[in-house]
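Here's the letter readout for the chains.
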Amino acid sequence: MVKLKDLVEDLELGKVYTDKDRPPFQVKEETISEGPDNELFKRLSKLQAEIFKLLNNYKSKANVPAIARSFMIGLKNQLKKDKMVESINENDLQRATRIYNDFEDVIGKFGKDVVRITKDIEKLKGDKTDSKIFIKQYVKGINPLLAMIRSWFKGEQRRPR
């Protein structure tokens, strides 16, 4: 066990120490240009250039746009399958659109049901007083909810992907 007294005795007064200054913490510092991310990026850039050259060579011989699209879809799917990417952002927008459309459908059906019920109330009572109150409360409560979900959806559409 290391005692605090042993750690402090070889320190100079007034000097600022970092973890890198102390022997057990000394590490080789890598700059961004030396890191594994940079190496991977350089290698992927070279492969990208090779793929681009290959596609240009076959421009007149094959349906390059269709093949390139198919290749990219396959690459995205493989990356997703191997969990090298979290998700493909286009799917997020599609899901947001589906959620929004489902919400609009539910609200539309609910509005039709409210109108049907208020008409039944009018027939039962013989006047429109109660049905007007129901419609007024429905509109008062549903409009802020509609505004909120529409605002959310617009934000999802604008969110960078």
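Residues numbered from 1 in each chain as written. Predicted model: local features only at pLDDT ≥ 70, side-chain atom pairs only at ≥ 80, totals over all residues. Heavy atoms only, no water.

## What about the overall build of the chain?
Tallying secondary structure elements over the chain gives five helices and zero strands in all. Secondary structure of the chain in N-to-C order comes out as α-α-α-α-α. For the chain, with 161 residues in total, the buried portion stands at 12%. Put simply, 46% of the contacts in the chain that link residues at least 6 apart link residues at least 24 apart. (Helix = DSSP H or I, 4+ residues; strand = E, 2+ residues; numbered from the N terminus. Buried < 20%, exposed > 50% of the residue type's maximum accessible area, 1.4 Å probe, protein only. Contact = heavy atoms within 4.5 Å.)

## Topic: the nonpolar core
Across soluble globular proteins, nonpolar side chains have a tendency to be buried as a group. In this structure, Ala-96, Tyr-100, Phe-103, Ile-107, Val-114, Tyr-138, Ile-142, Leu-146, Ile-149 and Phe-153 together form the largest nonpolar core, which totals 10 residues. The contact partners of Ile-107, leaving out residues within four places of it in the chain, are Tyr-138, Ile-142, Leu-145 and Leu-146. (Core = buried A, V, L, I, M, F, W, Y, C linked by side-chain atoms within 4.5 Å.)

## Here's the deal with the packing of aromatic side chains
Counted according to the given criterion, the structure contains two aromatic pairs. Between Tyr-100 and Phe-153 the ring centres are 4.4 Å apart and the planes differ by 5 degrees, which places this aromatic pair in the stacked class. Separated by 53 residues along the polypeptide, Tyr-100 in helix α4 (residues 89-125) and Phe-153 in helix α5 (residues 129-158) bring together distant segments of the chain. Looking at Tyr-100, the relative accessible area reads 15%, which means it is buried. Ring plane angle 50 degrees and centroid distance 5.6 Å describe the contact between Phe-110 and Tyr-138, whose orientation is recorded as tilted. Taken as a pair, Phe-110 in helix α4 and Tyr-138 in helix α5 lie far apart in primary sequence, 28 residues in all. Using a relative accessible area of 43% as the deciding quantity, one classes Phe-110 as partly exposed. The exposure class assigned to Tyr-138 is buried, which follows from its relative accessible area of 19%. When the ring centre of Tyr-58 is taken as origin, the NZ or CZ atom of Lys-61, which lies over that ring, is 5.4 Å away. (Phe/Tyr/Trp six-rings, centres within 6.5 Å; stacked < 30°, edge-to-face > 60°. Lys NZ or Arg CZ within 6 Å of the ring centre and 35° of its normal.)

## Quick word on the side chain of Thr-118
Residue placement: Thr-118 occurs in helix α4. Using a relative accessible area of 5% as the deciding quantity, one classes Thr-118 as buried. Polar side-chain contacts of Thr-118 include one of 2.7 Å to the backbone oxygen of Val-115. (Polar contact = N/O pair within 3.5 Å; in protein donor to acceptor, adjacent residues only side chain to side chain.)

## Some details on the pattern of salt bridges
Overall, the coordinates contain three salt bridges when judged by the stated rule. Taking the shortest distance from any N to any O, the salt bridge between Arg-150 and Glu-104 comes out at 3.4 Å. With Arg-150 in helix α5 and Glu-104 in helix α4, the pair connects residues that are 46 residues apart, well separated along the chain. Judged by its relative accessible area of 37%, Arg-150 is partly exposed. With its nearest N and O atoms 3.8 Å apart, the salt bridge here joins Asp-120 to Arg-116. With Asp-120 and Arg-116 both in helix α4 and four residues apart, the pair spans about one turn of that helix. (Salt bridge = Lys/Arg side-chain N within 4 Å of Asp/Glu carboxyl O.)

## Considerations on a nonpolar patch on the surface
Taken together, the side chains of Ile-51, Phe-71, Met-72 and Leu-75 present a nonpolar region at the surface, about 340 Å² in accessible area. In terms of residue count, the dominant contributor to the nonpolar patch is helix α3 (residues 64-81) (three residues). Structurally, Phe-71 can be placed in helix α3. (Patch = residues over 30% accessible without salt bridge, like charges linked within 9 Å, V, L, I, M, F, W, Y side chains within 5 Å. Areas by Shrake-Rupley, 256 points an atom, 1.4 Å probe, with all protein chains shown as cover.)

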